[in-house]
Amino acid sequence: MSFLNIFRKIDSWLLPRNLNEQFSPYVWLIYLPLFFVPVIIFHQEPMDLVWTLLATMAFLGLYFHAYWVKSQDVIYHIVTILLIATLTAFVTATACTLFIYAGAFCSRLKPLKYAVAVLIGLLLWITAISWIFDFESYFYMPALIFTLIVGGLNIYQYALHQNKQELILSRKETQRLAQVAERERIARDLHDLIGHTFSVITLKADLAGRLMDKGQDTDLEKARTEIKQLEEISRDALSQVREVVSGYRTSDLLSELGNAKNVFGSVDIQFQYQFENIDEQQIGLDSASNKELAIVLRELVTNIIKHAKATQVTVIIKHEDGKIVLAMQDDGQGFENALHKGFGIKGIEERIQKLKGFVNIKTGGEYSGTLSEISLPMTTRDPSL
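Going along each chain's sequence as written, the residues are numbered from 1 onward. Totals for whole chains, interfaces and linings use every residue, but because this is a predicted model, local features are given only for residues with pLDDT of at least 70 and side-chain atom pairs only at 80 or more, for both listing and counting. Side-chain figures throughout are based on the complete set of non-hydrogen atoms in the structure, without hydrogens or water.

### Some thoughts on the nonpolar core
The tendency in soluble globular proteins is for nonpolar side chains to be buried as a group.
Item 1. In this structure, Phe59, Tyr63, Ile78, Phe105 and Phe139 are the most contacted members of the largest nonpolar core, which totals 40 residues.
Item 2. Each helix corresponds to a stretch of at least 4 residues labelled H or I by DSSP, and each strand to a stretch of at least 2 residues labelled E; elements are numbered beginning at the N terminus. Looking at this core, the elements with two or more residues in it are α4 (46-65), α5 (74-88), α6 (96-104), α7 (112-132) and α8 (137-214).
Item 3. With 7 residues, the top contributor of residues to this core is α5.
Item 4. The contact criterion used is simple: two residues touch if any of their non-hydrogen atoms lie within 4.5 Å. Sequence-distant contacts of Phe59, that is, excluding residues within four places in its chain, are made with Leu29, Leu32, Ile81, Ile84, Leu98 and Tyr101.
Item 5. The set of buried Ala, Val, Leu, Ile, Met, Phe, Trp, Tyr and Cys residues whose side-chain atoms join them within 4.5 Å is what this entry labels a nonpolar core. Categorising residues by exposure relies on relative accessible area from a 1.4 Å probe, with only protein chains included: less than 20% of the type maximum marks a residue as buried, more than 50% marks it as exposed, and the intermediate range marks it as partly exposed. In this structure, Leu285, Leu297, Ala308 and Ile361 belong to the second largest nonpolar core, which totals 33 residues.

In structure tokens, the structure reads:
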């Protein structure tokens, strides 16, 4: 077995694998010879050497074990090192080194106030025993100064590291939420687009098929026209799908109203829209709200074509109590209130609620067909300008 493999095996036994800096604990031990080497050189008493050796071994056991325990249990290791250092101070002034290690371990304590309090307690303990037992200044001065400096810097660096880790986690969470929001956006946009487009394609394909079945020249010509429109609709849908996936889909309310008029006209539904107390060229919505309202209008058009069996549809866009209101009325068959929570309506509500707006859908009773009211807060200027 090579020396490197032996070292790795010893390392895995001494320290856990989840340390941020695996070799730092070994680096910090370079100061430990300052504790026992002077005793070996200058002390002649055998018991001084024995006690220093035992204190060093006990310290090393506590030192490495402290990296395995939870932060709340590190305080027991600090107290034990403090006791060893205090007893060793009667043998050698270099025991101040062990006090410094005890101060360094304060950074492992949580919360920050607790770590600072323990460090202050260490300094008071050094001051107390130095005064009570009249220890020399070359013991307590280094002990106080370096315990304060090393302990304080370690606490500060560990707090910075914790803040950095929290910031990284926050960024990862933000990225994850952004990804979820983007997936939801694509799902809503694709649902609105595909549902609308396929509804129109189905109706036109059915109409073309019925015209071709009649076999007359005029009907065949109409069928060719319908098929040509199917091709145009499919190409347009493909382009819009690409825009949705890439995030550059551009819709606005005015163009969507024109599109709705063409779509309703192709399925023999009378459609009209009007503006009340508002300039149709300056509706009063920012670009994001304008786009979302256009997508909502498209979804409402799709729902009417698929479910309402309507013959007339009216849209009124008005300014009311500081809000822009889009009211869409059809004369279709309506539906039960309990059934209006389908994916399409749910998607509409999610879009409008994100813009701090409201959705109100009324059907049955005094309403002939369905009345869908969408309200959004009015803005004074487009933030994209």
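Next comes the rest of the write-up.
### Here we look at a nonpolar patch on the surface
Item 1. Nonpolar side chains collect at one region of the surface, where Val27, Trp28, Ile30, Tyr31 and Leu34 lie side by side and expose about 520 Å² of accessible area between them.
Item 2. By the secondary structure assignment, Trp28 is in helix α2 (residues 24-28). Two joining distances apply to patches: 9 Å for like charges and 5 Å for nonpolar side chains (Val, Leu, Ile, Met, Phe, Trp, Tyr), and every residue must have over 30% relative accessible area and no salt bridge. Using the Shrake-Rupley algorithm and a 1.4 Å probe, accessible areas are obtained, with residue cover drawn only from the displayed protein chains. Note on definitions: salt bridges are taken to be side-chain nitrogens of Lys or Arg within 4 Å of carboxyl oxygens of Asp or Glu.

### A closer look at the packing of α5 against α6
Item 1. All axes here are fitted lines through C-alpha atoms, helices being fitted over the stretch that makes contact, and every angle between N-to-C directions spans 0 to 180 degrees. Between α5 and α6, whose axes approach to 8 Å, the crossing angle comes to 165 degrees. Relative to α6, the element α5 lies roughly antiparallel. As α5 runs across α6, the sense of the crossing is left-handed. Mapping the contact onto sequence places Ile78, Ile81, Leu82, Ile84, Ala85, Thr86 and Thr88 in α5 and Leu98, Phe99 and Ala102 in α6. Orientation labels follow simple angle bins: below 35 degrees gives roughly parallel, above 145 gives roughly antiparallel, 65 to 115 gives roughly perpendicular, and whatever is left gives oblique. A clockwise turn of the near helix away from the far one marks a right-handed crossing, whereas an anticlockwise turn of less than a right angle marks a left-handed crossing.

### Notes on the pattern of salt bridges
Item 1. Applying the stated rule across the entire model yields 3 salt bridges.
Item 2. Its salt-bridge partner being Arg298, residue Glu256 comes within 3.3 Å of it at the nearest N-O pair. Placement of the pair is Glu256 in helix α10 (residues 253-266) and Arg298 in helix α11 (residues 287-308), with a sequence separation of 42 residues.
Item 3. The partner of Glu292 in a salt bridge is Arg351, with the nearest N and O atoms 2.7 Å apart. Of this pair, Glu292 sits in helix α11 while Arg351 is found in helix α12 (residues 343-354), placing the two residues 59 residues apart along the sequence.
Item 4. On the basis of relative accessible area, Arg351 is assigned to the buried category, the value being 3%.

### Section: the layout of surface pockets
Item 1. Roughly 1,300 Å³ of internal volume is contained in the largest pocket.
Item 2. Along its surface, the largest pocket is lined by 36 residues, and Ser24, Trp28, Tyr67, Ser107 and Asn154 are the ones closest to its centre.
Item 3. Secondary-structure elements contributing two or more residues to the lining of the largest pocket are α2, α6 and α8.
Item 4. Among the elements that line the lining of the largest pocket, the one with the most residues is α8, at 10 residues.
Item 5. Only Asp, Glu, Lys and Arg are considered charged, only Ala, Val, Leu, Ile, Met, Phe, Trp, Tyr, Cys and Pro nonpolar, and every remaining residue, Gly among them, polar. In terms of residue class, the lining of the largest pocket is built from 22 nonpolar, 11 polar and 3 charged. Cavity: a set of points on a 1 Å grid over the protein atoms alone where a 1.4 Å probe fits but cannot get out. Pocket: an open set with protein on both sides within 12 Å along at least five of seven lines, its lining residues, like those of a cavity, having an atom within 4 Å of a point. Grid points are joined across faces, edges and corners, and a volume is the space filled by probe spheres set on the points.

### Topic: the environment of Gln333
Item 1. For Gln333, the position within the fold is in the loop between β3 (323-330) and α12.
Item 2. For Gln333, a relative accessible area of 53% translates into the label exposed.
Item 3. Sequence separation of Gln333 and Ala308 is 25 residues, and the distance between their C-alpha atoms is 5.5 Å.
Item 4. Discounting residues that sit within four places of it in the chain, Gln333 has contacts with His307, Ala308 and Lys309.
Item 5. What qualifies as a polar contact is a pair of N or O atoms within 3.5 Å, subject to a donor-acceptor requirement within protein and to the restriction that residues adjacent in sequence count only when both atoms come from side chains. In this structure the side chain of Gln333 is engaged in a polar contact, spanning 2.7 Å, whose partner is the backbone oxygen of His307.

### Notes on the environment of Ala260
Item 1. Position of Ala260 relative to the elements: it lies in helix α10.
Item 2. Given the relative accessible area of 1%, Ala260 is considered buried.
Item 3. Once the C-alpha coordinates of Ala260 and Leu297 are considered, the two residues, 37 residues apart in sequence, prove to be 8.3 Å apart.
Item 4. Beyond its immediate stretch of four places on either side in the chain, Ala260 contacts Phe271 and Val301.

The values are spatial; any link to function lies outside them.
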